[in-house]
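Structural description and commentary
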Amino acid sequence: MKRFLKIVLAIVLLIIVAIIGLVLLVDPNDYKAEIEQQAEKSLNRKLAINGELGWVIFPKLAIGTGQIELKNAPGFSKENLAKIDKLAVSVDVMPLLSGEVKLGQVSLDGLSFNLETNAQGVSNLDGMGNNNASSTPKQVTPTESRQSELPKLALAGIDITNTLITVIDKKLGTETDLSIKLIELGAFELGKDTTLDVILNVVTNEFVGDLNLKAMMNVNKDISTIDLKTMSVNGSLKGENVPAGEMNIALKTSTNVQLSPMIATIEQLSLDVNGMTIDGTASVALLDKTTVRFDLKGNEWDLNPLIPAPASDQEASTVPTEPTPEVEPDLSVLNTLDVDGKLVIAGFKAKGINIGQTKLAVNVKDGSAKLAPLSVDLYEGNMTLNASVSHDKGRNSYSINTQLNGVQILPLLKDAADVDLLAGTTQFNLVAKGQGLTVSKIKQVLDGQGNFAVRDGALYGINLAQKLRSVKAALGSSASEEEKKTDFTALTGEFTMSKGLVNNTSLLMEAPFLRLNGQGTANILQELVDYHLKVTLVGTSKGQNGGSDLAGLAIPLKVTGSFTEPKFGLDTGGALKAKLDQEKAALTSKLNDAKVKAKLAADKAKEEAKQKAKDKLKDKLKGLF
């Protein structure tokens, strides 16, 4: 938009300055230097009118020029910023007698623009316009006042053919050519409405396109602003690099689009791209910092047609597998922006993911961009994100504060990653920060902490009840194969993040018949999990066809493997050994008790036998005496 505004204004000023200078002078060749000086003063660029200017008196006063060049600022690769090969204009003679300039058709051919950004990021459009403006009003003499007044100017129309715009970016190492077939302006007079038609035939290495702009235009009498009324743009872009191969574009505004050398304001904007709409207001001001304001709303956007189809296995096998080098983005542009806006989209569809209403408030100021906040209706719940990213002298620092509330985690995981690991109503909180915006740096440097709670859900990949019954089977009971899923009432935990490692310091799962607790880690760099947990029966497992034979027994559970295919290992052998050890101890205790009782009984019988022998001997001795 910034470049477009400057291109439009440069074209208008270039044409108006040239036309006024030519038609008002009897011998324009005598005033070429003055015209060039006035243009340089207005545009901050040197204007060169090459060749002789020629007049034809009858039947209409007409003039034709040779080549007109607007020179580039020093330090750029192209000599010219703009160039016109031919300019022809006719003037009605009689209105000149009353001080009115009435032009016929103005024809301009071979207009070229070279828009360049050098290696330091400086554009050849920077600094255009009058830099000597002052807030203190200048005292104007009567002579200067008469010279500054523009005559009453009217023309039958303007047509510009064979326009070439070359965009060069030395910083990115790119060069693109845009060809414009026709720019056509209807009957024109300063301060009055006139029709504007622009037919663009755009051809680049990436795409080809046809665009048609229609508007009612009004250039005010001092040429300081341009109003585009009821503007519409229709067309299409095609090419291999265009999403879905083709994009159909329709832009409408029902009120003014105001353009000045520094400000563009669009009210009641309506944009349609492949059925995705945006409505609202927007403005851009090219001040010390580019100032952008917007308040926009959109319908539900189906992004699926814009997403390229995945390459087939055969195509993928022919593509080199070397990873693309990561490049840290240059956020220095944030230092040049002042942005404040709101965007509301009814919803998104992309690669199976369905997102509800999305509200975004964005602010860019002093080298920092903030989402404050981003709110998304997501799978029966909501996600809120407050985030900021800052140039920070090239360090690219960022911070994140996000919450999930009431989100159904299973359909989200299935749609986003085709994973059915976890189900339930989810609450999630994360506060984190870091430096560096490449994928590897984010994984390595992200530092934060958070917590989560999943209610009334299920853990997929393992049926703890069935696993526990396998322990019972080993002890003599029966077990059956069932779905690998464990229902629970709550799964909660806390975690920290540092150097690519998520440390889940506490994890607790509560179910009607068991408790699971422990801790573990998730390695973001290697995408591996390593959890050491314990499962304890606290009651009965009737909800999942179990019993209470193992109540109170803690069974180790280990979770390892990749994020997408974790492996669950329940130590039933250890549980069996623990159970056998428990029964052995109980049996040993019983045997020991039996031995003690047997010894006591034997000792008692022995005493009783001794006593009987004594009594018998005593009776015999009594008979002898």
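Keep in mind that what you see is a predicted model, and the values were worked out from it rather than measured.

Scanning the protein chain for helices and strands turns up eight helices and 33 strands. Out of the 625 residues belonging to the protein chain, those deemed buried represent 38%. Entry remark: accessible area of the protein chain is about 35000 Å², with carbon and sulfur atoms responsible for 55%.

Judged by nonpolar contacts, the single largest core of 51 residues is most densely connected at Leu196 and Met217. Filtering out sequence-adjacent residues up to four positions away, methionine 217 remains in contact with Leu185, Phe188, Lys192, Asp193, Thr194, Leu196, Ile226, Asp227 and Leu228. One finds Leu430, Phe452, Leu557 and Phe568 within the second-largest nonpolar core, a separate group that totals 43 residues.

For the rest of this paragraph, the subject is the packing of aromatic side chains. Considering all chains together, one arrives at three aromatic pairs under this definition. Ring centres 5.7 Å apart and planes at 85° place the aromatic pair tryptophan 301 and phenylalanine 348 in the edge-to-face group. Of the two residues, tryptophan 301 is situated in strand β19 (residues 290-302) and phenylalanine 348 in strand β20 (residues 337-350); the sequence distance between them amounts to 47 residues. An aromatic cluster is built from Phe428, Phe452 and Phe495, whose rings are joined through pairwise contacts.

On to the pairing of strand β29 (residues 501-510). Inspection of the sheet shows strand β28 (residues 485-498) paired to β29 by nine bridges, in the antiparallel sense. Among the inter-strand pairings, methionine 497 is bridged to a residue of β29, identified as valine 502. In sequence, β28 turns back onto β29 through a hairpin of two residues, with lysine 499 there showing a positive phi of about 55°. The pairing of β29 with strand β30 (residues 514-523) spans eight bridges and is antiparallel. Residue pairing across strands places leucine 508 opposite asparagine 517, the latter belonging to β30. Taken together, β29 and the strand that follows it, β30, pair antiparallel across an intervening segment of three residues.

What follows is about the pattern of salt bridges. Inspection of the entire model under this criterion finds 10 salt bridges. Across the pair glutamate 328 and lysine 441 runs a salt bridge, and its minimum N-O distance is 3.5 Å. Linking glutamate 328 in the loop between α4 (313-318) and β20 with lysine 441 in helix α6 (residues 439-445), this pair joins segments that are 113 residues apart in sequence. Connected via shared salt-bridge partners are Glu69, Lys71 and Glu79.

Inspection of helix α5 (residues 409-417) places Ile409, Leu410 and Leu412 among the buried residues, and these make up the whole buried set. Down the axis, α5 shows its buried residues gathered within 165° of arc, on one side only. Two residues or fewer past α5, aspartate 418 is found with a positive phi of approximately 55°.

With an omega of -10°, the peptide bond between alanine 372 and proline 373 qualifies as cis. In this fold, proline 373 is placed in strand β23 (residues 368-378). Unlike most non-glycine residues, aspartate 366 shows phi in positive territory, near 55°. Here aspartate 366 lies in the loop between β22 (358-365) and β23. Although it is not a glycine, tyrosine 379 adopts a positive phi angle of roughly 45°. Relative to the elements of secondary structure, tyrosine 379 occurs in the loop between β23 and β24 (381-390). Overall, tyrosine 379 belongs to the buried group, its relative accessible area being 13%.

Relative to the assigned elements, asparagine 504 resides in strand β29. A distance of 2.8 Å separates a polar side-chain atom of asparagine 504 from the backbone oxygen of glutamate 494. Here tyrosine 531 takes part through its side chain, which lies 2.9 Å from a polar atom of the side chain of asparagine 504. The residues touching asparagine 504, leaving out its near neighbours within four places in the chain, are Phe452, Gly493, Glu494, Phe495, Gln519, Gly520 and Tyr531.

Here the protein chain averages 78 in pLDDT, while 72% of its residues score no lower than 70. Here residues 131-150 is modelled with pLDDT under 50, and outside its nearest four sequence neighbours on either side it reaches nine contacts, counting other chains as well. Of the regions scoring below 50 in pLDDT, residues 475-480 engages in 11 contacts with residues more than four places distant in sequence or in other chains.

This part covers the environment of leucine 182. Inspection of the secondary structure assignment puts leucine 182 in strand β10 (residues 174-185). Sequence separation of leucine 182 and aspartate 197 is 15 residues, and the distance between their C-alpha atoms is 8.2 Å. Beyond its immediate stretch of four places on either side in the chain, leucine 182 contacts Asp159, Ile160, Thr161, Asp197, Val198 and Ile199.

On the surface, Met262, Ile263 and Leu287 cluster together into a nonpolar patch covering about 260 Å² of accessible area. Among the secondary structure elements, methionine 262 is positioned in the loop between β16 (257-259) and β17 (263-273). Residue classification places methionine 262 among the partly exposed positions, given a relative accessible area of 38%.

On to the environment of asparagine 274, then. Examined against the element boundaries, asparagine 274 turns out to sit in the loop between β17 and β18 (276-286). Judged by relative accessible area, asparagine 274 falls into the partly exposed class, the value being 32%. In the structure, asparagine 274 is positioned 24 residues away from alanine 250 in sequence and 8.7 Å away in space, judged by C-alpha atoms. Within the local environment of asparagine 274, its side chain forms a polar contact with the backbone nitrogen of asparagine 248, the two atoms lying 2.6 Å apart.

This part takes up helix α2 (residues 32-43). The end-to-end C-alpha separation of α2 is 16 Å, in line with the 16 Å expected for 12 residues at 1.5 Å each. Taken together, the buried positions of α2 are occupied by Lys32, Ile35, Ala39 and Leu43. Along the axis of α2, the buried positions cluster into a sector of 65°, meaning they face one direction only. Along α2, the residues that are exposed and aim more than 90 degrees away from the buried face are Glu34, Gln37 and Lys41.

If you trace the backbone, phenylalanine 563 turns up in the loop between β32 (554-562) and β33 (566-570). Overall, phenylalanine 563 belongs to the partly exposed group, its relative accessible area being 33%. When the C-alpha positions of phenylalanine 563 and valine 419 are compared, they lie 9.4 Å apart, and in sequence the two are 144 residues distant. Apart from the residues within four sequence positions on either side, phenylalanine 563 is in contact with Ala522, Asn523, Ile524, Glu527, Leu528 and Val529.

Calculation notes
- Residues numbered from 1 in each chain as written.
- Predicted model: local features only at pLDDT ≥ 70, side-chain atom pairs only at ≥ 80, totals over all residues.
- Heavy atoms only, no water.
- Helix = DSSP H or I, 4+ residues; strand = E, 2+ residues; numbered from the N terminus.
- Buried < 20%, exposed > 50% of the residue type's maximum accessible area, 1.4 Å probe, protein only.
- Areas by Shrake-Rupley, 256 points an atom, 1.4 Å probe, with all protein chains shown as cover.
- Core = buried A, V, L, I, M, F, W, Y, C linked by side-chain atoms within 4.5 Å.
- Contact = heavy atoms within 4.5 Å.
- Phe/Tyr/Trp six-rings, centres within 6.5 Å; stacked < 30°, edge-to-face > 60°.
- Pairing = 2+ DSSP bridges.
- Salt bridge = Lys/Arg side-chain N within 4 Å of Asp/Glu carboxyl O.
- Arc of directions from axis to C-beta.
- Polar contact = N/O pair within 3.5 Å; in protein donor to acceptor, adjacent residues only side chain to side chain.
- pLDDT = per-residue confidence, 0-100.
- Patch = residues over 30% accessible without salt bridge, like charges linked within 9 Å, V, L, I, M, F, W, Y side chains within 5 Å.
- Expected span 1.5 Å × (residues − 1).

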